[in-house]
Each structure stands twice: as C-alpha cells, then as structure tokens.
Amino acid sequence: MSWADIINNNLIGSGNVSKAAILGFDGAVWAKSDNFQISVEEAVSAGKAFSAQDALLGTGLRLEGQKFLVLNADEDRVIGKQGGSGFFIYKTSKAVIISIYEKGLQPEMCSKTTGALADYFKSIGY
C-alpha cells in the first residue's frame, strides 16, 4: 500500500477528514490528498511543529494560506482551529500526519481517525 493509498483509504475515505498529508520532520511531503494545497513553507513549519510547541501557541500555524489559532500543542499532537474548520497534527516515530476537518465534520472524529493511524505507524516503527 502506498502513502497515497493510506491518505485516501484511512483518512479521507473514513469520512471524518476533509484533507490530509503525511510529512517528514523536515517538511518533505510523503503524500497528500489531491485537495490539500500545502506550500513548502507550511509543510516545513508543520514538520517542525513539535520542536517549537510554545511558539506555536503564540503565533499559530498556516495551512493553505489560512492562519489557524493553535489551541493545544504537546509532544504527540497539535490542535488548531479557524472558524468552523480546524486541524490535528500527530507525531509518529518518523513522520507527522496532518488532518483538516471542515464545516460539517466532527473535530473529535477527525482526531480519533488521525490518532488511530498515528498509533498504527508507531506500532510498526514509523
């Protein structure tokens, strides 16, 4: 199964995630959903989010050119929100998984779906 298949089947296909990407800690995009327009700068910022948690709480994070308020940041997860949309970034052993939910989707289900994939990645050393 390719990285794109994981994005499309496990995240987008769940119906709980609007857009998603898997990135290396350096911001390299391993895979993303076709509708996710993440810039190089945004990918690098997301990849490094876990090394600058306190700064994120003050500055927020941009995804697709939109600035999100960061509500919580810890060693495993970053949570952001902007209006009726938001994101969850989960850290695994070798990557970060970004999931965005948009109006009509439940944040809790987006988090649960993304967290389950992150747990699976950790269990296999990714």
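Residues numbered from 1 in each chain as written. Predicted model: local features only at pLDDT ≥ 70, side-chain atom pairs only at ≥ 80, totals over all residues. Heavy atoms only, no water.

Looking up the protein chain in an unreviewed UniProt entry gives the name Profilin, with the organism given as Caenorhabditis tropicalis. What the UniProt record of the protein chain gives under Sequence similarities (unreviewed entry) is the line "Belongs to the profilin family." (UniProt positions renumbered as here; feature names shortened; annotations may be inferred.)

**Overview of the pattern of salt bridges**
A full pass over the atoms with the stated rule returns 3 salt bridges. Glu 102 is paired through a salt bridge with Lys 19; the nearest N and O atoms lie 3.4 Å apart. Placement of Glu 102 in the loop between β7 (95-101) and α4 (107-123) and of Lys 19 in strand β1 (residues 19-24) is noted, with a sequence separation of 83 residues between them. According to the relative accessible area criterion, Glu 102 is partly exposed, its value standing at 30%. (Salt bridge = Lys/Arg side-chain N within 4 Å of Asp/Glu carboxyl O. Helix = DSSP H or I, 4+ residues; strand = E, 2+ residues; numbered from the N terminus. Buried < 20%, exposed > 50% of the residue type's maximum accessible area, 1.4 Å probe, protein only.)

**Observations regarding the environment of Trp 30**
The topology assignment puts Trp 30 in strand β2 (residues 29-32). Each C-alpha atom of the pair Trp 30 and Ser 2 lies 9.7 Å from the other, and the pair is 28 residues apart in sequence. Contact partners of Trp 30, with chain neighbours within four places excluded, come to Trp 3, Ile 22, Leu 23, Gly 24, Lys 94, Ala 95 and Tyr 126. (Contact = heavy atoms within 4.5 Å.)

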